[in-house]
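# Fold and geometry: a report
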Amino acid sequence: MSDDGLEPLDPAYVSEVISNPPFVPISGVSNVRDLGSYPATTSNVITKPGYMFRAAEVSNITKEGAEKMRALRITTVFDLRSDPEMKKYSTPIPTIEEVNIIRVPVFKNEDYSPESMAKKFELYAKGTTEAFIQLYSQILDHGGKAFGTILRHVRDKPNSPFLFHCTAGKDRTGVMAAILLKLATVDDHYICHDYSLTRVGREPDREKVIKRLSTEPLFAANTDAALRMLTSRYSTMTAFLELLERVYGGVEEYVKKYCGLTDEDISRIRTNLVISPRSRI
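These numbers come from a predicted model, not from an experiment.

With that out of the way, let us pick up the pattern of salt bridges. Considering all chains together, one arrives at 18 salt bridges under this definition. Between E57 and R212 there is a salt bridge whose closest N-O contact spans 3.1 Å. Residue E57 is found in the loop between strand 3 (52-55) and helix 2 (63-71), and its partner R212 is found in helix 10 (residues 206-213); the two are separated by 155 residues along the sequence. You can call R212 buried: its relative accessible area is 18%. D171 serves as the salt-bridge partner of K170, at 2.9 Å between the closest nitrogen and oxygen. Residues K170 and D171 agree in their burial class; the two are buried. Overlapping salt bridges, with partners in common, bring together E57, D79, R81 and R212 in one network.

Given below as structure tokens:
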């Protein structure tokens, strides 16, 4: 699989991958994956299938997509985006019957000032692991409240499947997915592999992403820089997990300090994230 984001992936390969688990087809929503069925390292359990889903923005979900979401028993959608980006990209929050959409923005509106966004885009344009780690550190620093809301859903509603998303379903969503999987004691290899699948999951939207970013001065004359934003390298998530351990003291310390959770909360969340392979929710 291509790893630099600059060359299009083979359409047949993309079709094959996104037509099979862990990808889940929801019409009008791209990059949807079920975070279930990953083995935990602490006991003979797996992450609960059909419970936690990650995705890109759901603004363009179709009627069929909404029906599929209900069929998956998804009761809650957590939206990690902020108002300025929804306004800028004309991607409002949709109404999905029988689904509760909860706003949990990682960044405050002031973080979308022209100066702040210019700095973020410069890092994205580099596309290096070091640049993404700077961005992901910002997500960890700002996202505690948002991530805590999602984790409390897991603590309190173990039988209510949920979906969380940002715009692309890559960076903020990728960090949240890593936190959930780490709490479930999933091996780092599987966490990095899940992250890398976004490169394939976003490929059908490649042209849409380029068109959207072409409105930004930094990317208008530099398509390669825009495409570097699509990269989801295994090695980037490896570096992120090292950062989480080295700087933040590991996932448990992070969620205690930044999300306000207790040891008892963490224990309950871990229990609710997993299930015996012989069982199903």
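Bringing the side chain of R172 into the picture now. Following the sequence through the fold, R172 ends up in helix 7 (residues 172-183). What makes R172 buried here is its relative accessible area of 11%. With sequence-adjacent residues up to four places away left out, R172 is seen in contact with L80, R81, S82, E85, V106, F107, Y112, I139, F147, C166 and T167.

About the criteria used
- Residues numbered from 1 in each chain as written.
- Predicted model: local features only at pLDDT ≥ 70, side-chain atom pairs only at ≥ 80, totals over all residues.
- Heavy atoms only, no water.
- Salt bridge = Lys/Arg side-chain N within 4 Å of Asp/Glu carboxyl O.
- Helix = DSSP H or I, 4+ residues; strand = E, 2+ residues; numbered from the N terminus.
- Buried < 20%, exposed > 50% of the residue type's maximum accessible area, 1.4 Å probe, protein only.
- Contact = heavy atoms within 4.5 Å.

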